[in-house]
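Chain by chain, the residues run as shown.
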Amino acid sequence: MTSERVERRLAAVLAGDVAAYSRLMGADEEGTLARLKAVRKALVDPTIAAHRGRIVKTTGDGMLVEFASAVDAVRGAVEVQTGMAEHNAFVPQDTRIEFRIGIHVGDIIFDDNDIFGDGVNIAARLEAIAEPGGVCISNDAYRQVRGKVEIVCDDMGLQPLKNIAEPMQAWRVRLIGQTPSAAKSGSAVNETQTLSLSGKPSIAVLPFQNMSGDPEQEYFADGIVEEITTALSRFKSLFVIARNSSFTYKGKAVDINRLDASWTYAMCSKVACAKRQTECALPPS
């Protein structure tokens, strides 16, 4: 008897799911499903395709994706999570769709358009320890992207993963708005790149003043600011200050010199600046 040959290959595997999916479905099944389908169609699936990923399968709130390159996998994951953070900025906390993503590079078994093996299992376990809206990668994936992808990572140390024989070193990709973890940090770029802020022209939309004399029109003025900020954020050539930062000046007389210093600090925070806060122009508010 001849045994069937098993096809193996090295791949970057991305596993993702929706955090608190059961709670979301329990509160609103149809609405949650509609929101999930909408973000997948508008953001997740096109981003994966743009980074040459192949969606192997979806399971309710989860998905398994194969990439030929760890660089493509991490770039795609970061773009998805960044896009979701922007999308969720105006969505109530209790109805937000937030993905957890795990990435590993390893040997997989390919069979009938599906993939199996430790490479898949480890990616799934890393996804389970990722925070909502976060990306967790294995040390094997980190070695592949170090020096090639402009991200900062926090070393999570050796992590015991369910049903994986030995603890594995994991890294937390620090995304915009996330603070450094207590673990030591590593960088996938050199220090000069990390400290260079965004390298893009920066713009902030300050709160508009309601000059109508009608207090009920206040929401209309705020809405215009939100719309302009959202529209500007679609231009990748611009670094747009978040609405929450600019609205701290609502109803205040703005000192331009102090404003410049504040945006310097805000930009340092948004790009995971490696400087200590005491070196910035202003302390955090």
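Residue positions are counted from 1 within each chain, in the order its sequence is given. Confidence filtering applies because this is a predicted model: local features only for residues at pLDDT of at least 70, side-chain atom pairs given and counted only at 80 or more, and all residues used for totals across whole chains, interfaces and linings. Heavy atoms from the whole structure form the basis of all side-chain values; hydrogens and water molecules are not counted.

K.L.:
Run through the environment of I115, naming residues and quoting values.
P.N.:
Its location among the elements puts I115 in strand β5 (residues 114-116). Its relative accessible area of 2% is what places I115 among the buried residues. When the C-alpha positions of I115 and V56 are compared, they lie 7.4 Å apart, and in sequence the two are 59 residues distant. For I115, the contacting residues outside a window of four places in its chain are V13, R54, V56, L64, E66, I108, I109, F110 and V120. Helix numbers and strand numbers start at the N terminus; a helix is a DSSP run of H or I with at least 4 residues, a strand a run of E with at least 2. For each residue, the accessible area found with a 1.4 Å probe, counting protein chains only, is set against the maximum for its type, and the residue is called buried under 20%, exposed over 50%, and partly exposed in between. A contact between two residues is defined here by any heavy atoms of the two lying within 4.5 Å.

K.L.:
If you had to explain the confidence of the model for the protein to someone new, which residues and values would you point to?
P.N.:
Averaged over all residues, the pLDDT of the protein equals 80, while 74% of them reach at least 70. The predictor reports its confidence for every residue as pLDDT, a score running from 0 up to 100. Mean pLDDT per element in the protein: helix α6 (residues 191-194) is the minimum at 37, and strand β6 (residues 135-138) is the maximum at 97. When the criterion is pLDDT under 50, residues 189-198 qualifies, and its contacts beyond four places in sequence or with other chains add up to 19 contacts. Considering only residues more than four positions removed or in separate chains, one finds that residues 261-285, a stretch of pLDDT under 50, has 41 contacts.

K.L.:
Which residues make up the packing of aromatic side chains, and what values go with them?
P.N.:
Two rings belonging to Phe, Tyr or Trp (six-membered ring only in the last case) form a pair when the distance between their centres is within 6.5 Å. Interplanar angles under 30 degrees mark stacking, angles over 60 mark edge-to-face geometry, and anything in between is tilted. This structure, assessed with the given rule, holds one aromatic pair. Here Y142 and W171 contribute two aromatic rings whose centre-to-centre distance is 3.8 Å and whose plane-to-plane angle is 10°, an arrangement assigned as stacked. With Y142 in helix α5 (residues 139-145) and W171 in strand β8 (residues 168-174), this pair connects stretches of sequence that are 29 residues apart. Residue classification places Y142 among the buried positions, given a relative accessible area of 3%. The ring of F110 has R9 sitting right over it, with the charged end atom 4.1 Å from the ring centre. Whether a charge lies above a ring is judged from NZ of Lys or CZ of Arg, which has to be within 6 Å of the ring centre and within 35 degrees of the ring normal.

K.L.:
Quick rundown of the pairing of strand β1 (residues 7-18)? Include the residues and the values.
P.N.:
Regular strands show a simple pattern: their side chains alternate between the two faces of the sheet. Whether two strands pair comes down to DSSP finding at least two bridges between them. Where β1 lies against strand β4 (residues 99-111), 12 bridges are found, and the strand directions are antiparallel. Note on β4: the bridge partner recorded for A11 is G106. Pairing geometry for β1 and strand β3 (residues 62-67), over five bridges, is antiparallel. Each residue of the ladder has a partner; that of V13, found in β3, is E66.

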